[in-house]
Amino acid sequence: MKFKGIFKTLFGPDEEESGFVGLQLVILNSVEDSIRERIHSAIAAMPEEQTAGQKWKFYKDISDLLLELLPFAEYGYWDVVDDPKTAETEFNQWVDDIDSSSIDQETGGATEDWNDTDRIDTDKYYIVVSLLFLLQQKNSFKKLNEFADSVDESAVNDRITYSNLIQQLRQLDFTTCISDAIFVMPGNDTDGFSWSDMRTEGWDYLKPIF
Amino acid sequence: MDHNYSVGTPVKVKAGFHDKETEIEMSGWTGRVSEVEGNQVLVEFDNETIEEFPDEYVMHQMDNERDSNSYWFYYQALTPFASGKASEKTSSFTEAKPVSRRKALGKVLAWTGGTALAGYLLYQCVSDDDDVTVTEEDSVGLQKKEGWDTGADGMKVALAAPMSLDYLGLPETQWKKYKEADNLKKVYTPATDNFKKYSSNSLFESLGQKTLQAQMKPSANIDTKTTFKKGLGVRQILLDAQNPEVNLVVIDLPGQQSVAVAAALADVADVIPTFNNWPHPLGEVPAHETLASSIYYASYVDREKNKKTTKKKATVLALDRNRFQSAKDGKLTPVKEGNFDNRYNVDLPTVDELKAAGITNVVYITPSETDIEKDDINEEFATYREKGIEVAMLPISRFEETKEQVAATSDPKRTGQYATNYYYGGSPLGAMFFFYHYPMYRSFNRTSIPSGANSRFSRAPAYTPTRRPTSFASRSVGGKGGFGKSRPTGFGKVTVNRSMSTGKTVGFGSSFRSSYRSGGGSRSGSFGRSRGGGFFS
């Protein structure tokens, strides 16, 4: 099991206020077996230390991949928080919640409760990709925030909205990035979530993508 | 300065221009001038250009802590983009000064701060696509400042049923005085100071706008006229009641109908209007209809409210049920695309204020039995009930028509003819059941139902206001019973696109953005806690 954790902060938070962007997609893996490998490969290719430019390129490539896989995404969730008082908390909350569900990074082994005997069914259809950013509230975040403002309530879970959001992520200015994180669950090359898994407690915030 | 570029000018990079550091060709890149310093101009690139940036360019700029989305050029490297057809000679001037992110932003802020928006600016940024600044402002505040039809200059409001005569049949020469803001305010100003702070004359004040005033006429469609007659049925009940003063009546019907019922009660009640918005040609709330209805009934109200009476009057709050829309889950319905957000919410008196005024019950007049209280007053109604103030629903639909011969005493010219009147339950006898269904009212005249009398209704609607999640709940800032509750984010506000060059408003959009983001904050701290699984990052 691999863990590279949250990317180290390249630029510490300055006096600017921060904003949060979070995206989570549940992608049907069974359609194309190579999906997980492609995501893992992209992430694995990322160096430990990155310049802002390299980080932009990395997320641009990830975004392009997600755009390509978007037709296979069945559930999702996204949020943009422009309240500087809660943005950092929101980022940390997302990280903590995802992290708490992930495996022990020291041992690299599976958690005790993650084995097929405990599961309702053993189908491994879905993988979950999460992108999180804590950004200074400068131009690129403002632009993304304007996009979020422009989304009609009825279109929040539309596939085109997710597509537009990911397009916005391609344009993030990483010189203003305070923290960022990417997670793919499950983290091994063979496992996956079943339809039943996605309906267990803890995933109820996810919305079908139309 | 040897050029005419100014802030907002759309420009295009001339053919052959290269970034000196990366050698990346920037020919044809387009954007707008955001700052000018002598012979150099800062260009903010537009979306089309940004999307086509070469990776090497963006990475280089970011690695040098520069904003890749803007660039300092000498003016000779640029050509105006709007004219577009200007010859694009290869620039011989290839020096350019890359801009550092920090420097660029600081200057942009200095520039935007220089526009004349101080005092009501909530946020401001620069649109990438247009020569505009974008601000978020209070809707009525903006209209007062820039005109009732701001952003839609020249457009007119469309009245559903404009009339040349008002309710009393008076011609324009006699009703036009009610198109004066001060006169209309006076007509609808409550006679007493009871609950004065809950009164709003904002709608009537909009007639101070001459171009709006010129468009306004009395208006009442068939629904409004019918509702007025139903209001007369309510009036009869208040006349028959011994104790109208202990019951607060809250009329919550579509604005023009709310005015109609309020007008019908003019001589038996002290009516408090709560219409706290202005009309707009593209208004989300059809406030112009409420205003036109107010003009239609103004001469009648003016006459009736000043009649001498020894009978105690009821206190009536008139609300516009169209003041906003929300879904069953309590989320506000966003303003329709292109509409002007003139929504608003109302506050109601606190329990202590009601008790101090001797009021022990609230009668809530709704369109029908399925129309429960609106989200903005749910908290007040629930509190009333919890604190011993009974709240009863009175659907106006329960006032049904009946044909009656006109009595000589009421209209000698029509004696013997049949008129359509509206009574609770559809008949004068049925109206007696009202006092059994609504025991907070005590009848003067009748203590028992005559044998043979029937009512279509067996009881008042089963209605118990219950606290529920709304966009307004738990937002009270005044502490007591919800007075002073704040509006949800963006509610009743508009984002204003203002021309940089002319300063005029050129468009707007809704600022509403409360909990409609995906998931709506319902994660409950259990994000992603499915069992096990790995992760990869």
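Structural data are supplied above this passage.
Small disclaimer: the values here were computed from a predicted structure and weren't measured.

Student: Quick question: what am I supposed to make of the nonpolar core here?
Tutor: It is characteristic of soluble globular proteins that their nonpolar side chains tend to be buried jointly. One finds Ile251(B), Leu265(B), Val316(B) and Ile365(B) to be the most contacted residues of the largest nonpolar core, which totals 82 residues. Element by element, the count of residues in this core is highest for helix 11 (residues 287–304) of chain B, at eight residues. The next biggest cluster of nonpolar side chains, apart from the first, holds 57 residues, and it includes Ile127(A), Leu144(A), Val156(A) and Val58(B).

Student: What is the right way to read the sheet that holds strand 1 (residues 18–28) of chain A from this model?
Tutor: The strands making up a sheet associate through hydrogen bonds between their backbones, and the pairing can be parallel or antiparallel. Strand order across the open sheet formed by five strands is 4-3-1-2-5 (chain A), with antiparallel pairing between neighbours. The open sheet is flanked by strand 4 (177–185) and strand 5 (207–208) of chain A, the only strands paired with a single partner.

Student: Which parts of the structure should I look at to understand the pairing of strand 1 of chain A?
Tutor: All names here are of chain A. Along strand 1, ten of the eleven residues are buried, which leaves the element largely enclosed by surrounding structure. Bridge count for strand 1 against strand 3 (residues 126–136) is eleven bridges, and the pairing is antiparallel. Counted as the bridge partner of Leu25 is Val129 from strand 3. Relative to strand 2 (residues 73–81), strand 1 runs antiparallel, the two sharing eight bridges.

Student: Help me out: how do you make sense of the sheet that holds strand 9 (residues 247–253) of chain B in this one?
Tutor: Residue and element names in this part refer to chain B. Pairing is parallel in the open sheet, where five strands are placed in the order 10-11-9-12-13. In this open sheet, the two edge strands, each paired with only one partner strand, are strand 10 (269–273) and strand 13 (390–395). Across the sheet, the mean angle separating the axes of adjacent strands is 25° when strand polarity is ignored. The pairing of strand 12 (residues 361–366) with strand 13 spans six bridges and is classified as parallel. For Asn361, the partnering residue across the bridge sits in strand 13 and is Glu390.

Student: Would you mind showing me how to read the pairing of strand 3 (residues 40–45) of chain B here?
Tutor: Regular strands place side chains that alternate from one sheet face to the opposite one. All names here are of chain B. Across the six residues that make up strand 3, a large majority, five, are buried. Where strand 2 (residues 30–37) and strand 3 come together, six bridges link them in antiparallel fashion. Within strand 3, the position partnered with Glu35 by the bridge is Leu42. The loop that links strand 2 with its antiparallel partner strand 3 comprises two residues; one of these, Gly38, has a positive phi angle of about 60°. Where strand 3 lies against strand 4 (residues 70–74), five bridges are found, and the strand directions are antiparallel. Bridge pairing in strand 4 places Leu42 opposite Trp72.

Student: When you look at helix 5 (residues 159–169) of chain A in this model, what are you seeing that I'm missing?
Tutor: In an α-helix there are 3.6 residues to a turn, and that puts residues three or four apart on one side. Residue and element names in this part refer to chain A. Along helix 5, the positions that sit buried rather than exposed are Thr161, Tyr162, Leu165, Ile166 and Gln168. Within helix 5, the buried residues cover an arc of 155° as seen down the axis, which keeps them to one side. If you follow the buried residues of helix 5, they end up packed against strand 1, helix 2 (52–69), strand 2 and helix 4 (139–150).

Cut-offs applied
Residues numbered from 1 in each chain as written. Chains lettered and ligands numbered in written order. Predicted model: local features only at pLDDT ≥ 70, side-chain atom pairs only at ≥ 80, totals over all residues. Core = buried A, V, L, I, M, F, W, Y, C linked by C-beta atoms within 7 Å. Buried ≥ 20, exposed ≤ 12 C-beta atoms within 10 Å, placed from the backbone. Helix = DSSP H or I, 4+ residues; strand = E, 2+ residues; numbered from the N terminus. Pairing = 2+ DSSP bridges. Axes fitted to C-alpha atoms, helices over the stretch in contact; angles between N-to-C directions. Arc of directions from axis to C-beta. Contact = placed C-beta atoms within 7 Å.

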